[in-house]
Amino acid sequence: MYRSVTLMGYRVTGSKCLTVCLGLTFVMGCFLASLPISTEQKTRQISTTHSKKKLAILVPFRDRFEELLEFVPHMHQFLTKQNIPYHIFIIQQKDSNRFNRASLINVGFLYTKKNYDYIAMHDVDLLPMNNDLKYDYPLGCVFHISSPQTHPKYHYDTFIGGILLIRREDFELVDGMSNNYWGWGLEDDEFYVRLKDAGLKVKRPDNISTGPENTFKHIHDKTYRKRDMRKCFNQREVTRRRDRVTGLHDVNYTIHSTHNVTIDSLPVTVLNVELVCNKTATPWCQCPEPTKVKKT
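Everything in this summary refers to the structure shown in the same document. (Residues numbered from 1 in each chain as written. Predicted model: local features only at pLDDT ≥ 70, side-chain atom pairs only at ≥ 80, totals over all residues. Heavy atoms only, no water.)

## Structural notes on helix 4 (residues 101–112)
At step 1: Its twelve residues place the ends of helix 4 17 Å apart at the C-alpha level, agreeing with the 16 Å of an ideal helix rising 1.5 Å per residue.
At step 2: For helix 4, the tally of buried residues reaches ten of twelve residues, placing the bulk of the element in the interior.
At step 3: Arg-101, Ala-102, Ser-103, Leu-104, Ile-105, Asn-106, Val-107, Gly-108, Phe-109 and Thr-112 are the residues of helix 4 that are buried. (Helix = DSSP H or I, 4+ residues; strand = E, 2+ residues; numbered from the N terminus. Expected span 1.5 Å × (residues − 1). Buried < 20%, exposed > 50% of the residue type's maximum accessible area, 1.4 Å probe, protein only.)

Structure (structure tokens):
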């Protein structure tokens, strides 16, 4: 037996009351959904969305184990304060060719792009010390954290090395980095031209109170690990020009193994990569040793 109630001046049975209540709930829900969202609510929604963007830290690597032991716990402490969802990928070159930082970054990007929204191209020997250096998802720009004003060594205006944040779609837009740069130097300068040609703005941190001496800790020992600055064949001529041929689309490599390891209980993924050199195009991937003159 249904009970009857009075609703909005009408006496209805329980079953009719349920139907009317559901109808009123639906109408009220539609009305509330149509109301404008406050600026504060919008800001909160945008902030939440951005905080979920996942960062892949790509570290081109070869024989820097001592530096890696310092890098991983430092970055964990630094990024945990900023609530950045991140993971560190060590892209380790395991072949007999000269070190190719740009190609390793291309490999790391291809490996991570399905699961991460943006990457940090990050030197293992450069540790951020100022907490105002933010690793947030870069909106409408490429974000250069280690600016010429604060980098301990390089201070020219077009410098974008050290630590650079770039969105997945922007890295694909410029076809990644050139694969021509075997040995040390200039790959970042070529990448700057790629960004400029694509109309991508490079922004840097504002209102940083520290300077070149105390914004970063540079842990590279140049006496212990000398940079491979040799130039052979026509390397000098080719690598000072904008590369319009190679890039993300044709990096030639094999990932021989991947390892999930921990450093101080912190997870890190290591990719062991063999880079394949086209010796016709870039014979300088293996510079011949200079001939020593025998004393008579």
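## Some words on empty space enclosed by the protein
At step 1: A full pass over the atoms with the stated rule returns one cavity of 30 Å³ or more.
At step 2: Taken as a whole, the largest cavity encloses approximately 40 Å³ of empty space.
At step 3: Forming the walls of the largest cavity are Tyr-181, Trp-182, Gly-183, Trp-184, Gly-185, Leu-186, Lys-231, Gln-235 and Thr-239. (1 Å grid on protein atoms, 1.4 Å probe; cavity = no way out; pocket = protein on both sides within 12 Å on 5 of 7 lines; lining within 4 Å. Points joined across faces, edges and corners; volume = space filled by probe spheres on them.)

## Comments concerning the state of the cysteines
At step 1: For the structure shown, the criterion picks out two disulfides.
At step 2: With its sulfur 2.0 Å from that of its partner, Cys-232 forms a disulfide with Cys-287. Classification of the bridge connecting Cys-232 and Cys-287 rests on its S-S torsion, roughly -85 degrees, and on that basis the disulfide is left-handed. Of this pair, Cys-232 sits in the loop between strand 10 (216–218) and helix 7 (235–238) while Cys-287 sits in the segment after strand 12 (266–275), placing them 55 residues apart in sequence.
At step 3: For Cys-287, a relative accessible area of 10% puts it in the buried group.
At step 4: Shown here is the disulfide that connects Cys-277 with Cys-285, its sulfur atoms set 2.1 Å apart. Judged by the sign of its S-S torsion, about -90 degrees, the bond between Cys-277 and Cys-285 is left-handed.
At step 5: With a relative accessible area of 0%, Cys-285 lands in the buried category. (Disulfide = S-S within 2.5 Å.)

## Describing the sheet that holds strand 8 (residues 163–167)
At step 1: Read across the open sheet, the eight strands follow the order 9-7-8-5-3-4-12-11; overall the sheet is mixed. Both outer strands of the open sheet, strand 9 (202–203) and strand 11 (253–263), are each paired with one neighbouring strand and no more.
At step 2: Sheet topology places strand 3 (residues 55–61) next to strand 4 (residues 86–93); seven bridges connect them, and they run parallel. In the strand pairing of strand 4, Phe-61 is matched with Gln-92.
At step 3: Set on the sheet, helix 4 makes contact with strand 3, strand 4, strand 5 (118–122), strand 11 and strand 12; between it and strand 3 the angle comes to about 145 degrees. (Pairing = 2+ DSSP bridges. Contact = heavy atoms within 4.5 Å. Axes fitted to C-alpha atoms, helices over the stretch in contact; angles between N-to-C directions.)

## Remarks on the packing of aromatic side chains
At step 1: Across all of its chains, the model carries nine aromatic pairs by this definition.
At step 2: On the basis of an interplanar angle of 70 degrees and a centroid distance of 5.9 Å, the ring pair of Phe-78 and Tyr-135 is categorised as edge-to-face. Here Phe-78, found in helix 3 (residues 65–80), pairs with Tyr-135, found in the loop between strand 6 (126–128) and strand 7 (142–144); they are 57 residues apart in sequence, far enough to count as distant.
At step 3: The exposure class assigned to Tyr-135 is buried, which follows from its relative accessible area of 0%.
At step 4: With a centroid separation of 5.3 Å and 80 degrees between ring planes, the pair formed by Tyr-118 and Tyr-137 is classed as edge-to-face. Taken together, the positions of Tyr-118 in strand 5 and Tyr-137 in the loop between strand 6 and strand 7 put the pair 19 residues apart, joining distant regions of the chain. Judged on exposure class, the residue Tyr-118 and its partner Tyr-137 are both buried.
At step 5: Three or more aromatic residues link up through ring pairs in this structure, and these residues are Tyr-154, Tyr-156, Phe-159 and Trp-184.
At step 6: When the ring centre of Tyr-137 is taken as reference, the NZ or CZ atom of Lys-53 above it lies at 5.0 Å.
At step 7: Over the ring of Tyr-116 we find Lys-54; its NZ or CZ atom is 4.9 Å from the centre of that ring. (Phe/Tyr/Trp six-rings, centres within 6.5 Å; stacked < 30°, edge-to-face > 60°. Lys NZ or Arg CZ within 6 Å of the ring centre and 35° of its normal.)

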